[in-house]
Amino acid sequence: MIALGCDHGGYELMQEVIKYLEEHGLEYKNYGTYSTDSCDYPDYAKKVAEAILAGECEKGILICGTGIGITIAANRYEGIRAANCTNSFMAEATREHNDANILGMGARVIGVGTALKIVDTFLNTPFSNDERHKRRIAKIEH
Ligand code: RB5
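Residues numbered from 1 in each chain as written. Predicted model: local features only at pLDDT ≥ 70, side-chain atom pairs only at ≥ 80, totals over all residues. Heavy atoms only, no water.

**Side note on the site of the ligand**
In the neighbourhood of the ligand, the contacting residues comprise Asp7, His8, Tyr41, Cys64, Gly65, Thr66, Gly69 and Arg108. Asp7 places a polar side-chain atom, nitrogen or oxygen, 2.6 Å from an oxygen atom of the ligand. Within the side chain of Arg108, an N or O atom sits 3.4 Å from an oxygen atom of the ligand. Expressed as a share of its isolated accessible area of 290 Å², the protein-covered part of the ligand is 72%. Among the residues making up the shell around the ligand, the classes are represented as two nonpolar, four polar and two charged. (Near = heavy atom within 4 Å. Polar contact = N/O pair within 3.5 Å; in protein donor to acceptor, adjacent residues only side chain to side chain. Areas by Shrake-Rupley, 256 points an atom, 1.4 Å probe, with all protein chains shown as cover. Nonpolar A, V, L, I, M, F, W, Y, C, P; charged D, E, K, R; others polar.)

In structure tokens:
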């Protein structure tokens, strides 16, 4: 189960992500926002972070205008490793190295094609399970 959250800046790109997930038969829970009305990105970062920490969802996708604010907010929750990615190399690396559990994206930064490629890579790349990466992640999760 994938937790989705965005603010007004990310709303339209999130509709494309939802289409992608549905076309691929992937289950998701949409924690909003549900329109382009102005709202506060930390509220949606919180909902998605809590869904993951509660074990309701394994991974999350957060979108705001830049991807920055919503990713910063999510990373304030212990156990969340959110990565703002602008290309699929970053998405692959953050799964393999950081075992990132939330993908952040900026709707005003990247196009739909790039975003969907990032989503695909993020969802399909496993953590490397490499000892050195596990050690480094353990140092984050103090
Ligand atoms: C909203 O205008 C914008 O600040 C937000 O979407 C995001 O880019 C914040 O980091």
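**Let's talk about the UniProt feature "binding site: D-ribulose 5-phosphate" (unreviewed entry) in the protein**
UniProt's feature table lists "binding site: D-ribulose 5-phosphate" (unreviewed entry) at Asp7, His8, Gly65, Thr66, Gly67, Ile68, Gly69, Asn98, Arg108, Arg132 and Arg136, given in the numbering used throughout. Over a stretch of 130 residues, the named residues are scattered through the fold, their C-alpha atoms separated by up to 38.6 Å. Within the element layout of this structure, Asn98 appears in helix 4 (residues 88-98). Those residues in contact with Asn98 that lie beyond four places of it in its chain are Arg81, Ala93 and Ile137. Structurally, Arg132 can be placed in helix 6 (residues 131-140). Here the side chain of Arg132 touches Asp130 through a polar contact of 2.7 Å, side chain to side chain. (UniProt positions renumbered as here; feature names shortened; annotations may be inferred. Helix = DSSP H or I, 4+ residues; strand = E, 2+ residues; numbered from the N terminus. Contact = heavy atoms within 4.5 Å.)

**Structural notes on the nonpolar core**
Core analysis: the largest hydrophobic core is formed by 24 residues, its most contacted members being Met14, Val17, Ile61, Ile63, Leu103, Met105 and Val119. When contributions to this core are tallied by element, the ones reaching two or more residues are strand 1 (2-6), helix 1 (11-23), strand 3 (59-64), strand 5 (102-106) and helix 5 (112-124). The element contributing the most residues to this core is helix 1, with seven residues. Excluding anything up to four places from it in sequence, Ile61 contacts Ile2, Ala3, Leu4, Gly5, Met14, Val17, Leu103, Met105 and Val119. Membership of the second largest hydrophobic core comes to 18 residues, among which are Tyr44, Ala51, Ile70 and Ile102. (Core = buried A, V, L, I, M, F, W, Y, C linked by side-chain atoms within 4.5 Å. Buried < 20%, exposed > 50% of the residue type's maximum accessible area, 1.4 Å probe, protein only.)

**Section: the pattern of salt bridges**
Under the defined criterion, the tally for this structure stands at seven salt bridges. Between Lys134 and Glu131 there is a salt bridge; the shortest N-O distance is 3.3 Å. With a gap of three residues between them, Lys134 and Glu131 both fall in helix 6, about one helical turn apart. With a relative accessible area of 57%, Glu131 lands in the exposed category. One salt-bridge network, held together by shared partners, links Arg81, Arg95, Asp99 and Glu141. (Salt bridge = Lys/Arg side-chain N within 4 Å of Asp/Glu carboxyl O.)

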